[in-house]
Amino acid sequence: EANSVAKEIIKPNFNFSELGIGGLDDEFSNIFRRAFVSRIFPPSIVEKMGIQHVKGILLYGPPGTGKTLMARQIGKMLNSREPLIVNGPEILNKFVGQSEENVRKLFAPAEAEYKAKGEESGLHIIIFDELDAICKQRGSKNDGTGTGDSIVNQLLSKMDGVDQLNNILIIGMTNRMDMIDEALLRPGRLEIHMEINLPDEKGRVQILNVHTQKMRKYDLLEPDVDLKEIAALTKNFSGAEIAGLIKSASSFAFNRHVKIGDNAQVAQDFDKIKIARSDFIHALEEVRPAFGVAETELQ
Ligand code: ATP
């Protein structure tokens, strides 16, 4: 009987080890439990419990910590269409009414599918990156255009409409929680608020592992490179900054193999290139964390 069949919202052959997210295991499983697990159950069971699916999540925290990455990967994992990703600033349009129209259009495909298929409709995920850009608090006209109010109002009315639709999940993201209009954060709207913070040391080891996966596979790291040591030296680095550090270290390694002079560039021993501990030590001098103070102590 159809009513007792689980909804296959996760791709059947999805490989969780390929998520490519370092150090956010707890956050990932919490988001999954709070926002998705109810959607696996047959609608009749959920209805009996008298609960409604979560309609919106807000991920907030410092830049470069993997918020966008996580939202995208959630989309990849699900047996639904590709999530729709929009940037707050993209929505803004100087022409009267056009920004509101842009918001309206985002919801139109999901609304049409729900009209046609009801509960059989697939899940539509709408990701709002830089949500703060469209939410300069209502009443304050500090965006210079005075359009902030009506865009937020349009978004609110769309989200309230989502109450009737069970096929939409909105993921908002911001570095500026203080800029988000409170009305958006109420139950039934972006009701789950999850902070995605800078990674701790264990998380940094995982992120270093993710981003050196190929180098390790092709044996391109010297044996003196100890990812645990690098993790200890990168306190307050975000995931994006750790990725930047690895890029910088590789540039030092490339550079050791290139002689530049007399209008000639000669690269030597292409296949002997390996990234050494000293490349990371050099990189640590040029890639610094934007938030907090690096506590890099070199012996
Ligand atoms: P912003 O607020 O600036 O948009 P964000 O939190 O959304 O930042 P992402 O765009 O997800 O950050 O991260 C930028 C890049 O940094 C990612 O594409 C990835 O390469 C790397 N990165 C960040 N966090 C992680 C992580 N936890 N694991 C692996 N890579 C990460």
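Every value quoted in this text rests on a predicted model; they were computed, and no experiment measured them.

Q: How should I be thinking about the site of the ligand in this particular structure?
A: Lining the immediate environment of the ligand, one finds 16 residues, of which Gly22, Gly64, Lys67, Thr68 and Asn175 sit closest. Contact distances for the ligand include 2.5 Å between an oxygen atom and a side-chain N or O atom of Thr68. In this structure, a nitrogen atom belonging to the ligand sits 2.9 Å away from a side-chain N or O atom of His211. Within the complex, 77% of the 630 Å² of free accessible area of the ligand lies under protein. When contributions to the shell around the ligand are tallied by element, the ones reaching two or more residues are helix 3 (67-77), helix 7 (201-211) and helix 10 (239-256). Ranked by residue count, the leading element in the shell around the ligand is helix 3, at 3 residues. When its residues are assigned to classes, the shell around the ligand shows 6 nonpolar, 9 polar and 1 charged.

Q: Is there a simple way to think about the pattern of salt bridges in this case?
A: For side chains bearing opposite charge, pairing can occur when the charged atoms are close. Here the structure, examined in full by the defined rule, presents 8 salt bridges. Note that Lys117 and Glu113 form a salt bridge whose closest N and O atoms lie 3.5 Å from each other. Pair noted here: Lys117 and Glu113 are both in helix 5 (residues 98-117), with a separation of 4 residues, about one helical turn. The exposure class assigned to Lys117 is partly exposed, which follows from its relative accessible area of 49%. Residue classification places Glu113 among the buried positions, given a relative accessible area of 12%. Notably, a salt bridge pairs Arg189 with Asp160, separated by 2.8 Å at the nearest N-O pair. Taken together, the residues span a long stretch of sequence, with Arg189 in the loop between strand 4 (168-174) and strand 5 (192-195) and Asp160 in helix 6 (residues 148-162) at a distance of 29 residues. Taking the relative accessible area as the measure of exposure, Arg189 reaches 15% and is therefore buried. Owing to a relative accessible area of 31%, Asp160 belongs among the partly exposed residues under this scheme.

Q: Help me understand empty space enclosed by the protein, please; the structure alone is not making it clear to me.
A: The method is simple in principle: a probe with the dimensions of a water molecule rolls over the atoms, and the space it marks as empty is what remains. In the structure shown here, the tally under the stated rule is 1 cavity of 30 Å³ or more. What lines the largest cavity is simply Glu229, Ile230, Leu233, Arg277, Phe280, Ile281 and Leu284. A total of 4 residues in the lining of the largest cavity trace back to one element, the largest contributor, which is helix 11 (residues 277-286). Of the residues that constitute the lining of the largest cavity, the class distribution is 5 nonpolar, no polar and 2 charged.

Q: How should the packing of aromatic side chains be read in this particular structure?
A: Aromatic ring pairs: the centre-centre distance and the angle between the two ring planes describe each pair. Evaluation of the coordinates by the stated rule reveals 1 aromatic pair. With a centroid separation of 5.9 Å and an interplanar angle of 20 degrees, the aromatic rings of Phe32 and Phe36 are classed as stacked. With a gap of 4 residues between them, Phe32 and Phe36 both fall in helix 1 (residues 25-40), about one helical turn apart. In this structure Phe32 comes out as buried when scored by relative accessible area, which is 18%. Using a relative accessible area of 0% as the deciding quantity, one classes Phe36 as buried.

Q: Would you take a moment to explain the side chain of Asn167 for this structure?
A: Within the secondary structure, Asn167 sits in the loop between helix 6 and strand 4. A polar atom in the side chain of Asn167 sits 3.0 Å from the backbone oxygen of Ala110. Not counting chain neighbours up to four residues away, the residues in contact with Asn167 comprise Ala110, Glu113, Tyr114, Ser121, Gly122, Leu123 and His124.

Q: How should I be thinking about the pairing of strand 4 in this particular structure?
A: Of all the 7 residues making up strand 4, 7 are buried; the element is thus mostly covered by neighbouring parts of the structure. Burial along strand 4 is two-sided: the face carrying Ile168, Ile170, Gly172 and Thr174 and the face carrying Leu169, Ile171 and Met173 are both buried. In terms of strand pairing, strand 1 (residues 56-60) meets strand 4 through 5 bridges, oriented parallel. Counterpart to Ile57 in the pairing with strand 4 is Ile171.

Q: Looking at this structure, I do not really get the sheet that holds strand 5. What am I missing?
A: Strands pair in a sheet through their backbones, by hydrogen bonds, and they do so in one of two ways: parallel or antiparallel. Spatially, 5 strands are ordered 2-3-4-1-5 in an open sheet, and the strand pairing comes out parallel. Looking at the sheet topology across the chains shown, the edges are occupied by strand 2 (84-87) and strand 5. Each strand axis lies, on average, 20 degrees off the axis of its neighbour in the sheet, ignoring direction. Where strand 2 lies against strand 3 (residues 124-129), 4 bridges are found, and the strand directions are parallel. Its bridge partner lying in strand 3, Ile85 is registered against Ile127.

Reading guide: rules and limits
- Residues numbered from 1 in each chain as written.
- Predicted model: local features only at pLDDT ≥ 70, side-chain atom pairs only at ≥ 80, totals over all residues.
- Heavy atoms only, no water.
- Near = heavy atom within 4 Å.
- Polar contact = N/O pair within 3.5 Å; in protein donor to acceptor, adjacent residues only side chain to side chain.
- Areas by Shrake-Rupley, 256 points an atom, 1.4 Å probe, with all protein chains shown as cover.
- Helix = DSSP H or I, 4+ residues; strand = E, 2+ residues; numbered from the N terminus.
- Nonpolar A, V, L, I, M, F, W, Y, C, P; charged D, E, K, R; others polar.
- Salt bridge = Lys/Arg side-chain N within 4 Å of Asp/Glu carboxyl O.
- Buried < 20%, exposed > 50% of the residue type's maximum accessible area, 1.4 Å probe, protein only.
- 1 Å grid on protein atoms, 1.4 Å probe; cavity = no way out; pocket = protein on both sides within 12 Å on 5 of 7 lines; lining within 4 Å.
- Points joined across faces, edges and corners; volume = space filled by probe spheres on them.
- Phe/Tyr/Trp six-rings, centres within 6.5 Å; stacked < 30°, edge-to-face > 60°.
- Contact = heavy atoms within 4.5 Å.
- Pairing = 2+ DSSP bridges.
- Axes fitted to C-alpha atoms, helices over the stretch in contact; angles between N-to-C directions.

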